[in-house]
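Coordinates in review
The primary structure of each chain is shown beneath.
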Amino acid sequence: MLFDPLVLLFLSSGLFLGWALGANDAANVFGTAVGTKMLSWRSAAIICSLFVVLGAVISGAGTTHTLGKLGAISALPGAFMTALSAALAVFSMTRAGLPVSTSQAIVGAIIGWNFFSNNPTDSVVLTKILSTWIICPILSGVIAIILIKAFKFCAKRLSVHMVFADAYKRIALILAGALGAYSLGANNIANVVGVFIPVQPIPPLTIGTFVFSSGQQLLLLGGLAIALGVFTYSKKVMMTVGDQLGNLSATAALIAVISHSVVLFIFASRGLEAWLSNMGLPTIPLVPVSSSQALVGAVVGISILQGLSAIRWMVLGKIVFGWIVTPILACFVCFMGLFFLQNVFGLTVL
Amino acid sequence: MISARLFRRTKELESQVDKFFDQLSEAAVIYRLAVRGYLRAGVSEEFTARLEHVCAKETEADSLRRQIEHALYTNLLIPDSRGDVLGLIETADEILSLFKSSLWAFEVETPEIHKDLNAGYRRLTNMVVKSVDELAAGCRVFFRSPHLVSSYNAKVTLYEKEADKISYALKKQIFSSESGLAEKIHLREFVDHIDAIADQAEDVADRLTIYAVKRQS
């Protein structure tokens, strides 16, 4: 099977979404470290790009599979429009100054495709996804509270010199950032290439004895698109996030990043799912969750320890509003876009 | 490799900070010995040697302060506490300058202190030095266990208040003596010189309290 150059054109919307994800969400992982000057942007960008690609290729299949169950898009133009409408929803919400999540945008877009194609949306899968959007920030907040309590308990007993504590924090920020980038790649790669996987647009690639499937190549391409976003556009966003979280101490910032990374990892880890299943425990669904909401959940958790008055309720309200509007907007744009592609351009979208 | 370099710089900075507060504690001890020596024998060889020793400590502390400033800014260490640490070290450095200027004043102005005032000056010096000792200990603790700083600062405040009481009593004793007004004013100035050191120690302790609270939040 030969590679069709038109495929690249159709993939561009997903890659654009990947670029936007790298530009924005890398700031959730390394923004605090760069903003507080604990780490240079260059080092952060290199570590982030490397681990995003690794996460996408090694552990990205789990969440991608869940998105596939929500809506199995069967034609490349349909997948193109689904990813494009998610990207447009993200772009317009960002322009409007509202916090946005690519995970919610892509889910909304897939539901739009389901509406257009008259395919029923799997209510079990949808409920699973929606529930994780609520659980994700809460879980992140709970983890942050536990971690900060444990940190304070240990700090009082260990009496580490301030300058050494700073050095340990620096290393911990790098490790937490690497875990965060890996988890971001593993969890959010589904948003970038998930809708293209069922279509199998790229022929398998054979190098020696290794055969790379269409899905594996897509995961790598998506990971590289995220890495490109990190390198070309994340600096400004990282600095902004650093400033916005300026009220947090370096310790609180570190704990926020660790909590965020752990939550993203939990919702992407097939190993953890298999282990829980083997132990007879309820499994955690492998669902793409919002990196921004995981971070916000952790910050709110830390703020709760300082008293409820420390929480900026207006900002929280904006986040919740963005959370509701993004999938609806993506769903609507996808429906309209598919209509145009099919009826105006005569393309097969189903 | 990066972490090895980071920990080498960190170790150097830790050592510089510890050495700085060593200079402060040692200068306080030498200052007490110098004032006692002056009360016993005026500007003697022993007093001059102590004065030179305090000057050397002050110069060494200045050099350490500059090295710490340089390390903090060029190596981007402790970015969130950098300002507090520098503020602490700069204000603590002023105590060393006060030790030096006080001893210089003894050497240059050679006040004539009557024997019946000796005990008061000695008690005042002891109290001032105790406040600086507690401050130096509190500063060291701040870097490791900020939650313990308050007990040290409480002692600094206590010693400063005691120093105020002693200086008040000493001034009353000076002005109730038979000496001339010029001599009385001269002796009072030396009480103020010594007492100012405890006042500065209290100011640094107040800063330290705020820095410690910030670190615990």
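Structure report, in brief. (Residues numbered from 1 in each chain as written. Chains lettered and ligands numbered in written order. Predicted model: local features only at pLDDT ≥ 70, side-chain atom pairs only at ≥ 80, totals over all residues. Heavy atoms only, no water.)

**Description of helix 2 (residues 41-59) of chain A**
The α-helix winds at 3.6 residues per turn, so residues separated by three or four positions along the chain end up facing the same way. Compared with an ideal rise of 1.5 Å per residue, which puts 19 residues at 27 Å, helix 2 of chain A spans 26 Å between its outermost C-alpha atoms and is within 8% of the ideal. Regarding helix 2 of chain A, the residues found buried are A:Trp41, A:Ala44, A:Ala45, A:Ile47, A:Cys48, A:Ser49, A:Val52, A:Val53, A:Gly55, A:Ala56 and A:Ser59. (Helix = DSSP H or I, 4+ residues; strand = E, 2+ residues; numbered from the N terminus. Expected span 1.5 Å × (residues − 1). Buried < 20%, exposed > 50% of the residue type's maximum accessible area, 1.4 Å probe, protein only.)

**Remarks on the interface of chain A and chain B**
At the interface, 19 residues of chain A touch 24 residues of chain B. Where chain A abuts chain B, roughly 1,900 Å² becomes buried across the two surfaces, and 68% of that area is made up of carbon and sulfur atoms. Linking chain A to chain B there are zero salt bridges. At the surface where chain A touches chain B, the tally comes to three residue pairs in polar contact (both at pLDDT 80 or more). (Contact = heavy atoms within 4.5 Å. Buried area = accessible area lost by both parts, 1.4 Å probe. Salt bridge = Lys/Arg side-chain N within 4 Å of Asp/Glu carboxyl O. Polar contact = N/O pair within 3.5 Å; in protein donor to acceptor, adjacent residues only side chain to side chain.)

**Focus: a nonpolar patch on the surface**
Residue and element names in this part refer to chain A. Taken together, the side chains of Phe 115, Phe 332, Phe 335, Met 336, Phe 339, Phe 340, Val 344, Phe 345 and Leu 347 present a nonpolar region at the surface, about 900 Å² in accessible area. Of all the elements, helix 12 (residues 313-343) adds the most residues to the nonpolar patch, at five residues. Relative to the helices and strands, Val 344 is located in the segment after helix 12. (Patch = residues over 30% accessible without salt bridge, like charges linked within 9 Å, V, L, I, M, F, W, Y side chains within 5 Å. Areas by Shrake-Rupley, 256 points an atom, 1.4 Å probe, with all protein chains shown as cover.)

**What about the state of the cysteines?**
All names here are of chain A. Evaluated as defined, the whole model comprises zero disulfides over all chains. Cys 48 carries a free sulfur, and the closest cysteine sulfur to it, the one in Cys 136, is 17 Å from it. For Cys 48, a relative accessible area of 0% puts it in the buried group. (Disulfide = S-S within 2.5 Å.)

**Observations regarding the nonpolar core**
In terms of nonpolar packing, the biggest core is built from 79 residues, with A:Phe30, A:Ile106, A:Val107, A:Val195, A:Phe196 and A:Met238 touching the most fellow members. If one sorts the elements of this core by residue count, helix 1 (residues 5-35) of chain A sits on top with eleven residues. A:Met238 has contacts with A:Ala26, A:Ala27, A:Phe30, A:Gly31, A:Val34, A:Trp41 and A:Ala44, leaving out every residue within four places of it along the chain. If you look at the next biggest cluster of nonpolar residues, it comprises 73 residues, including B:Val85, B:Leu86, B:Val191 and B:Ala201. (Core = buried A, V, L, I, M, F, W, Y, C linked by side-chain atoms within 4.5 Å.)

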